[in-house]
Amino acid sequence: MADTPSRTLPFGSLVTAMVTPFTADGAVDFDATAALATRLVDDGCDGLVVSGTTGETSTLEDSEKEDLYRVVAETVGDRARVIAGTGTNHTSHSVEMARRAERAGAHAQLVVTPYYNKPTQSGVLAHFEAVAAAGDLPIMVYDIPGRSGIPITTETMLRLAENPKIGALKDAKADFAAITRVLAATDLDVYAGDDGLTLPWMAAGAVGVVSVSAHVATRGFRALVDAAAAGDFAEARRIHFELDPVVRAVMTHIPGAVSAKHILHLQGVLPNALVRLPLVGAEPHELEAVLADLAAAGWDLTSEGVRQDARQGARA
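The paragraphs below set out a description of the structure included in this document. Computed from a predicted model, the values in this text were never measured in an experiment.

Calculation criteria
- Residues numbered from 1 in each chain as written.
- Predicted model: local features only at pLDDT ≥ 70, side-chain atom pairs only at ≥ 80, totals over all residues.
- Heavy atoms only, no water.
- Core = buried A, V, L, I, M, F, W, Y, C linked by side-chain atoms within 4.5 Å.
- Buried < 20%, exposed > 50% of the residue type's maximum accessible area, 1.4 Å probe, protein only.
- Pairing = 2+ DSSP bridges.
- Helix = DSSP H or I, 4+ residues; strand = E, 2+ residues; numbered from the N terminus.
- Axes fitted to C-alpha atoms, helices over the stretch in contact; angles between N-to-C directions.
- Polar contact = N/O pair within 3.5 Å; in protein donor to acceptor, adjacent residues only side chain to side chain.
- Contact = heavy atoms within 4.5 Å.
- Right-handed = clockwise from strand over helix to strand, strands pointing away.

Let's talk about the nonpolar core
One finds Leu48, Val190 and Phe221 to be the most contacted residues of the largest nonpolar core, which totals 82 residues. Judged by nonpolar contacts, the second largest core, of 17 residues, contains Val49, Val112, Ala168 and Val207.

Now the structure itself:
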């Protein structure tokens, strides 16, 4: 757990779960990926998840993922932690991706609970231990029962924390009592896995957030994380309220990968908002809802002047 805001964190403190840009013909756009990674780090991210859920990992080929790890590591790996999304619901495949991530220069890996299979907790434990044993990359465990179909129980998480290669938890379970036990009983670096829960999770001892909304409000989230880490919860609360409509815009109407790409395109950061099936672009009424929430935050992406302000994110 974080003792001071200055402690060096092996996974970073403001971590953006990056989208994967595509070219007009549907290929991975590595140039746009490098540009986006640079922008995010310039604006305050000290960690990036590459090829996670928001990166549409389930529609990427293994070779594309490995190339993404390498491009981001070569672009910003000297300034931020590059965390490769390696987890799948097939243990040997996850092991292979862990090896590819290490070969490509990633600093760490994000490993999600095996999804769809619904293994027992013994199977969950064995899965993570197998990935941990595959190489030297430290692991951030990703607990998101809404996607995986099962939670990682607190008892299992306490056992996983005993593994020296498992150093962090991205918690998207929204169970404050459970995360309190993990924070109290382990030395794991805990990250909010829900953008809107950054403040309460950090108030309990989490060290930061793995965020989708930070794509479009990087400096605002940087200010929130720094204020909370410094114990300035009055300031953190003010920024939390300021960011709330932005989080709603990104996270509540359509999948985060879709909304983030649309907003980044409107901000002039991405050349398009293309996603791969089964994701599709926003319907007009969905985009209207996103823009209405951004308007509540004071953003007007139809205005060139405010578009530049929006690029900087919600300012403290």
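What about the sheet that holds strand β7 (residues 189-192)?
One key point about sheets: their strands pair by backbone hydrogen bonds, in either a parallel or an antiparallel sense. With parallel pairing, the eight strands of this closed barrel are ordered in space as β1-β2-β3-β4-β5-β6-β7-β8. Shown here is a sheet whose adjacent strand axes are inclined to one another by a mean of 25°, direction ignored. Note that strand β5 (residues 139-143) and strand β6 (residues 166-171) share five bridges and pair parallel. By the bridge assignment, Val141 is partnered in β6 with Leu169.

Comments concerning the side chain of Lys173
Following the sequence through the fold, Lys173 ends up in the loop between β6 and α7 (176-185). Of the polar contacts made by the side chain of Lys173, one reaches the side chain of Asp143; its length is 2.9 Å. Every residue in contact with Lys173, bar those within four places of it in the chain, is listed here: Asp143, Pro145, Pro151, Ile152, Ala178 and Asp194.

Structural notes on the pairing of strand β4 (residues 108-112)
Buried residues dominate β4, accounting for five of its five residues. With burial as the criterion, each face of β4 is covered, one bearing Ala108, Leu110 and Val112 and the other bearing Gln109 and Val111. Summarising the sheet, strand β3 (residues 81-85) and β4 pair through three bridges and their orientation is parallel. By the bridge assignment, Ala84 is partnered in β4 with Gln109. On the question of chirality, the crossover connecting β3 to the parallel β4 by way of helix α3 (residues 91-104) is right-handed. Assessed by its sense of winding, the connection that carries the chain from β4 through helix α4 (residues 121-132) to β5 is right-handed.

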